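# Observations on the model geometry
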Amino acid sequence: MKKTVLYIIDSLGRGGAEIMIVAPLKEIYIFYNIIIVTLQPENVFTKEELVYDEIFCLNMRSKKDIFSSVKKLKKIIRENNVSIVHSILYWSVIVARLACGNKIPHIFSLATMMTEGIYRHKWYSGYTKILDRLTYNKSQALISPTHEVLNDFDNSVGIKGKHLVLYNFVKEEFFKNEIDYIIPSHRLKLVAVGNLKDVKNYQLLIDSFKSLKNLNVSIDIYGEGSNRKMLQKQITEFNLPIKLMGISKKVYEVLPAYDAFVMCSFLEGFGISAAEAMTIGLPLLLSDIESLREISQKNAVFFDPYNPKSFVDAVAKITNGQINLKQLSQNGKRLAKENFTKEKYLIGLLKLYNEVLESKSLN
């Protein structure tokens, strides 16, 4: 008889954390019954994408609802005979910890650098680290998308129990659309994918392309966000070869038309769009931050995300033929197959589930 795993996440909006929960459900359902719990009701996934036995929403409208949400989650766990709880995103993790206590095996996943994300920039940020420390104990298992994120959590809170670095996986559609890279002979067509928000640092591209007008280079940016109006105003004012393309639901069909991929973020927990571009076979131009060095295994052209001239110099090296783009493409595809398949992710995840359940049964 199958045991039951309960997934709890803030909502089912279409973000990286949500996809990591939803995309492997069909395979996990072979081994476990599945309960899905969200804090808020948003759900953009189709019935075909979601696989579950039951789905619940705790309707946690504010932080004041945390204890009523814990009470609801305890009831769901009890009535559905849940064997293991897997939480992702900060407030879902906190609710799950309080509901599970030491009785129910609990795994939580980190999605980003806690010190630069969750522990900063909001009025209650000073309390989030304290709450993390108070609710985290050695009976809980931790999954991190990179060693950098794990080290950040360890330095901030301190690792107390079982932990695992498990790279996020790239959807199969990207592997199916890989290219045989051709060196660009005329215009260098760059592409970026990510929300139009401050942390993605698209202002760097605005400032850099003011100095790239003499080179035959353009960039298209796929994504939406609060910075669109501000970015578009500058693009128009300075007549820059930058296009804001909006959201593409099938970005794996779009990427093969470009010559290289750019990620200029100040901060990334993993950088899934960079991993997807690697899988397609695009050479990478990346911010010189540790998490992107890790997932690319340094198979990229790096630049200082705080210095537009550094990006300009990197592009100039490419247009001058100083960078072997084809080699970067070939290495990237190989590294993606070695590290970012759903199969490898599932093997690591299910192994951890078994270890946590076995450890609980021995106690």
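A brief structural summary. (Residues numbered from 1 in each chain as written. Predicted model: local features only at pLDDT ≥ 70, side-chain atom pairs only at ≥ 80, totals over all residues. Heavy atoms only, no water.)

## Some thoughts on the overall build of the protein chain
Scanning the protein chain for helices and strands turns up 15 helices and 13 strands. Here the C-alpha radius of gyration of the protein chain, 21 Å, is about what a compact globule of 363 residues would show, namely 21 Å. Projected onto the principal axes, the alpha-carbon positions of the protein chain cover approximately 65 × 40 × 40 Å. Pairs at least 24 residues apart make up 68% of the contacts formed inside the protein chain by residues separated by at least 6 positions. In the structure as shown, the protein chain presents an accessible area of about 17300 Å², 51% of it carried by carbon and sulfur atoms. Separation between the mean location of the 48 positive side-chain charges and that of the 37 negative ones in the protein chain comes to 4 Å. (Helix = DSSP H or I, 4+ residues; strand = E, 2+ residues; numbered from the N terminus. Rg over C-alpha atoms; globule rule 2.2 N^0.38 Å. Contact = heavy atoms within 4.5 Å. Areas by Shrake-Rupley, 256 points an atom, 1.4 Å probe, with all protein chains shown as cover. Lys, Arg positive; Asp, Glu negative; His and termini not counted. Charge placed at Lys NZ, Arg CZ, Asp CG, Glu CD.)

## Observations regarding helix 13 (residues 308–319)
Given a rise of 1.5 Å per residue, 12 residues ought to cover 16 Å, and the 17 Å separating the end C-alpha atoms of helix 13 matches this to within 8%. Within the sequence span of helix 13, burial applies to Ser-310, Phe-311, Val-312, Ala-314, Val-315 and Ile-318. The distance from a side-chain oxygen at the start of helix 13 to the backbone nitrogen of Lys-309 is 3.0 Å, and the residue carrying that oxygen is Asn-307. A positive phi of about 80 degrees marks Gly-321, the residue just after helix 13. (Expected span 1.5 Å × (residues − 1). Buried < 20%, exposed > 50% of the residue type's maximum accessible area, 1.4 Å probe, protein only. Polar contact = N/O pair within 3.5 Å; in protein donor to acceptor, adjacent residues only side chain to side chain.)

## What to know about the packing of helix 3 (residues 66–79) against helix 4 (residues 90–100)
Here helix 3 crosses helix 4 at 60 degrees, and the two axes come no closer than 9 Å. Judged by the angle between their axes, helix 3 and helix 4 are oblique. Once helix 3 is placed against helix 4, the crossing between them reads as right-handed. Where helix 3 abuts helix 4, its residues Ile-66, Ser-69, Val-70, Leu-73, Lys-74 and Ile-77 lie against Trp-91, Ile-94, Val-95, Ala-96, Leu-98, Ala-99 and Cys-100. When the residues that make up the contact of helix 3 with helix 4 are grouped by side-chain class, the tally is 11 nonpolar, 1 polar and 1 charged. (Axes fitted to C-alpha atoms, helices over the stretch in contact; angles between N-to-C directions. Parallel < 35°, antiparallel > 145°, perpendicular 65-115°, else oblique. Left-handed = near helix turned anticlockwise from the far one by under 90°. Nonpolar A, V, L, I, M, F, W, Y, C, P; charged D, E, K, R; others polar.)

## So, unusual backbone geometry
Glycine aside, a negative phi is what most residues show, and trans is what most peptide bonds show. One non-glycine residue, Asn-239, lies in positive phi territory at about 55 degrees. With respect to the helices, strands and loops of the structure, Asn-239 is situated in the loop between helix 9 (228–237) and strand 10 (242–246). By relative accessible area, Asn-239 is classed as exposed at 64%. For Lys-298, which is not a glycine, the phi torsion comes out positive at approximately 65 degrees.

## Concerning the pattern of salt bridges
The final tally for this structure, using the stated rule, is 13 salt bridges. Note that Asp-132 and Arg-97 form a salt bridge whose closest N and O atoms lie 2.6 Å from each other. Taken together, the residues Asp-132 in helix 5 (residues 125–135) and Arg-97 in helix 4 connect sequence positions 35 residues apart. Residues Asp-132 and Arg-97 agree in their burial class; the two are buried. Note that Asp-313 is salt-bridged to Lys-309, the shortest N-O span being 2.9 Å. Residue Asp-313 and its partner Lys-309 are both found in helix 13; the two are separated by 4 residues, about one turn of the helix. On the basis of relative accessible area, Asp-313 is assigned to the partly exposed category, the value being 33%. According to the relative accessible area criterion, Lys-309 is exposed, its value standing at 54%. Taken together, the shared-partner salt bridges in this structure form one network comprising Lys-162, Lys-351 and Glu-355. (Salt bridge = Lys/Arg side-chain N within 4 Å of Asp/Glu carboxyl O.)

## As for the nonpolar core
By size, the foremost hydrophobic cluster in this structure holds 63 residues, and its most contacted members are Leu-190, Leu-285 and Phe-311. Aside from chain neighbours lying at most four places away, what touches Leu-190 is Phe-209, Val-217, Ser-218, Ile-219, Asp-220, Tyr-258, Ala-260, Val-262, Phe-311 and Val-315. Counting 34 residues, the second-largest nonpolar core is a separate cluster that includes Ile-35, Val-37, Ala-99 and Met-114. (Core = buried A, V, L, I, M, F, W, Y, C linked by side-chain atoms within 4.5 Å.)

## Quick look at the sheet that holds strand 4 (residues 84–88)
Pairing within the open sheet is parallel, and its 7 strands lie in the order 3-2-1-4-5-6-7. Two strands in the sheet have a free side with no partner beyond their single neighbour: strand 3 (54–57) and strand 7 (163–165). Averaged over all pairs of adjacent strands, the angle between their axes in this sheet comes to 20 degrees, without regard to strand direction. Looking at chain direction, strand 6 (residues 141–144) and strand 7 are connected through 3 bridges and run parallel. Bridge pairing in strand 7 links Ser-144 to Val-165. Against the sheet, helix 3 makes contact with strand 1 (3–9), strand 2 (32–38), strand 3 and strand 4, and its axis sits at roughly 160 degrees relative to strand 1, the strand it touches most. In the packing of helix 4 onto the sheet, the strands contacted are strand 1, strand 4 and strand 5 (106–109), and the crossing angle to strand 4 comes to about 155 degrees. (Pairing = 2+ DSSP bridges.)

## Notes on the pairing of strand 4
Judged by how many residues are buried, strand 4 sits mostly within the fold: 5 of 5 residues are covered. The two faces of strand 4 match: Ile-84, His-86 and Ile-88 on one face and Val-85 and Ser-87 on the other face are all buried. Looking at chain direction, strand 1 and strand 4 are connected through 5 bridges and run parallel. Paired with Leu-6 across the two strands is Val-85, which belongs to strand 4. Direction of pairing for strand 4 relative to strand 5: parallel, over a ladder of 4 bridges.

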